Amino acid sequence: MLEQRRHQRIRFGVQPRVKVGFGGKIGEGCIENLSMSGLMMHCDIPLEIGQSAGCEFSLFGSPVMDVSVTVVSRLGDLYGARFQAGLINQVVIEDAIRGALASGKASILSVHEVCGRKVMRIAGGLNGSLRNDFMHALTRVGIDEIDLAGVTQVEQAGLALCVVATERHGANIGEQSACFAEAWKMAQVRPGSVTA
């Protein structure tokens, strides 16, 4: 799982809604994940691989993005689509992603090799939406350290993942943002103990 993607995949604690236009029909759904090159979405109307569709969405108060996509994969009602975005759409998408990460409503998890050690980096929200990627990295890749310097919001489910990583898989907590450090300190307090 060492990062080989051209664009990082953004996950969401609460999946943003998306409107989809295809074949004269309008459908609705939610965005599973997003990158600068495309998105993965659930949709209530059937889409066809290789065909174009229109998508309209906003990321947590960002300006509404209206983009054309090419459908590239399907698994049930889950579709992978590649943006046919121009420069204007790319700038709007970048700004929306940056805002969602800063507010902790979106997350990026990546794994890198640093000086022979495998380091998992998390930016944005530390939440339950990261569970599958987080556990895959721990159990299949093997993680030596978790870098949490880019974390902007912490949820209980995200702290639980870190507890599992440190107590069951021997990973070390590395760099920490201020909000993570405070939450982690509180998570380490055992019931019945006195904090200073």
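Please refer to the structure higher up on the page.
Residues numbered from 1 in each chain as written. Predicted model: local features only at pLDDT ≥ 70, side-chain atom pairs only at ≥ 80, totals over all residues. Heavy atoms only, no water.

Peer 1: Sorry if this is basic, but what is going on with the overall build of the chain here?
Peer 2: Within the chain, the regular secondary structure consists of 4 helices and 11 strands. Along the longest, intermediate and shortest principal axes, the C-alpha atoms of the chain span 65 × 35 × 30 Å. Evaluated residue by residue, the chain yields a buried proportion of 39% over its 196 residues. Considering only residue pairs separated by 6 or more positions, the chain has 57% of its internal contacts joining residues 24 or more positions apart. When the accessible surface of the chain is summed, it comes to about 10400 Å², and 50% of that surface belongs to carbon and sulfur atoms. (Helix = DSSP H or I, 4+ residues; strand = E, 2+ residues; numbered from the N terminus. Buried < 20%, exposed > 50% of the residue type's maximum accessible area, 1.4 Å probe, protein only. Contact = heavy atoms within 4.5 Å. Areas by Shrake-Rupley, 256 points an atom, 1.4 Å probe, with all protein chains shown as cover.)

Peer 1: Explanation requested: the packing of helix α2 (residues 131–141) against helix α3 (residues 156–169) in the structure shown.
Peer 2: Packed helix pairs are specified by the crossing angle of their axes together with the interaxial distance, meaning the distance between the axes. At a minimum axis separation of 11 Å, α2 and α3 run at an interaxial angle of 10 degrees. Compared by their axis directions, α2 and α3 come out roughly parallel. When the axes of α2 and α3 are compared, the crossing they make is right-handed. Mapping the contact onto sequence places Arg 131, Phe 134, Met 135, Leu 138 and Thr 139 in α2 and Leu 161, Cys 162, Val 164, Ala 165 and His 169 in α3. For the contact of α2 with α3, the residue count by class is 7 nonpolar, 2 polar and 1 charged. (Axes fitted to C-alpha atoms, helices over the stretch in contact; angles between N-to-C directions. Parallel < 35°, antiparallel > 145°, perpendicular 65-115°, else oblique. Left-handed = near helix turned anticlockwise from the far one by under 90°. Nonpolar A, V, L, I, M, F, W, Y, C, P; charged D, E, K, R; others polar.)

Peer 1: Honestly, unusual backbone geometry in this entry has me stumped. Any pointers?
Peer 2: Note on backbone geometry: most residues besides glycine have negative phi, and most peptide bonds are trans. A positive phi angle, near 55 degrees, is found at Phe 60, a position not held by glycine. On the secondary structure map, Phe 60 appears in the loop between β5 (52–57) and β6 (65–75). Given the relative accessible area of 32%, Phe 60 is considered partly exposed. Not every positive phi belongs to a glycine, and Cys 115 is a case in point at roughly 50 degrees. Residue position: Cys 115 is located in the loop between β8 (106–114) and β9 (117–126). In this structure Cys 115 comes out as exposed when scored by relative accessible area, which is 80%.

Peer 1: What exactly am I supposed to notice about the nonpolar core here?
Peer 2: Nonpolar side chains in soluble globular proteins tend to end up buried together. Grouped together as the largest cluster of nonpolar side chains are 31 residues, with contacts concentrated most on Leu 34, Leu 47 and Phe 57. Once you skip the residues sitting within four places of it in the chain, Leu 47 turns out to touch Val 20, Phe 22, Met 41, Val 71, Arg 74 and Tyr 79. Within the second largest apolar cluster, 25 residues are counted, among which are Leu 109, Leu 126, Val 151 and Cys 162. (Core = buried A, V, L, I, M, F, W, Y, C linked by side-chain atoms within 4.5 Å.)

Peer 1: Just to check I follow, could you spell out helix α4 (residues 178–187) for this structure?
Peer 2: Think of an α-helix as 3.6 residues a turn; residues three or four steps apart then line up on the same face. By the burial criterion, the buried members of α4 are Phe 180, Ala 183 and Trp 184. Here the buried residues of α4 occupy an arc of 100 degrees about the axis, which is enough to place them on one side. Exposed side chains of α4 directed beyond 90 degrees from the buried face belong to Ala 178, Lys 185 and Met 186. Of the surrounding elements, those touching the buried residues of α4 are β9, β10 (145–154), α3 and β11 (172–176). (Arc of directions from axis to C-beta.)

Peer 1: I'm lost on the packing of aromatic side chains in this one. Help?
Peer 2: Think of a pair of aromatic rings as described by two things: how far the centres are apart, and how the planes are tilted against each other in angle. This structure, assessed with the given rule, holds 2 aromatic pairs. An angle of 50 degrees between the planes, with centres 5.9 Å apart, marks the rings of Phe 12 and Phe 60 as tilted. Remark: Phe 60 occurs in the loop between β5 and β6 and Phe 12 occurs in strand β1 (residues 10–12); sequence separation between them is 48 residues. Phe 12 gets classed as buried once you look at its relative accessible area, which sits at 3%. Ring centres of Phe 180 and Trp 184 lie 5.6 Å apart, and the angle between their planes is 20 degrees; on these two criteria the pair is classed as stacked. A residue pair is termed a helical-turn pair when its members lie 3 or 4 positions apart in one helix, as Phe 180 and Trp 184 do in helix α4 at 4 residues. (Phe/Tyr/Trp six-rings, centres within 6.5 Å; stacked < 30°, edge-to-face > 60°.)

Peer 1: Just to check I follow, could you spell out the environment of Val 141 for this structure?
Peer 2: Tracing the backbone through its elements, the reader meets Val 141 in helix α2. Between the C-alpha atoms of Val 141 and Glu 182, which are 41 residues apart in sequence, the distance is 28 Å.

Peer 1: Explain the pairing of β8 to me, please; I cannot follow it from the model alone.
Peer 2: Note on strand geometry: in a regular strand, side chains alternate between the two faces of the sheet. For β1 and β8, the ladder comprises 2 bridges, and the chain directions are antiparallel. Bridged to Arg 11 within β8 is Ser 107. Here 8 bridges tie β8 to β9, and the two strands are oriented antiparallel to one another. Bridge assignment links Ser 107 to a residue of β9, and that residue is Gly 124. From the end of β8 to the start of β9, which pair antiparallel, there are 2 residues, and Cys 115 there has a positive phi angle of about 50 degrees. (Pairing = 2+ DSSP bridges.)

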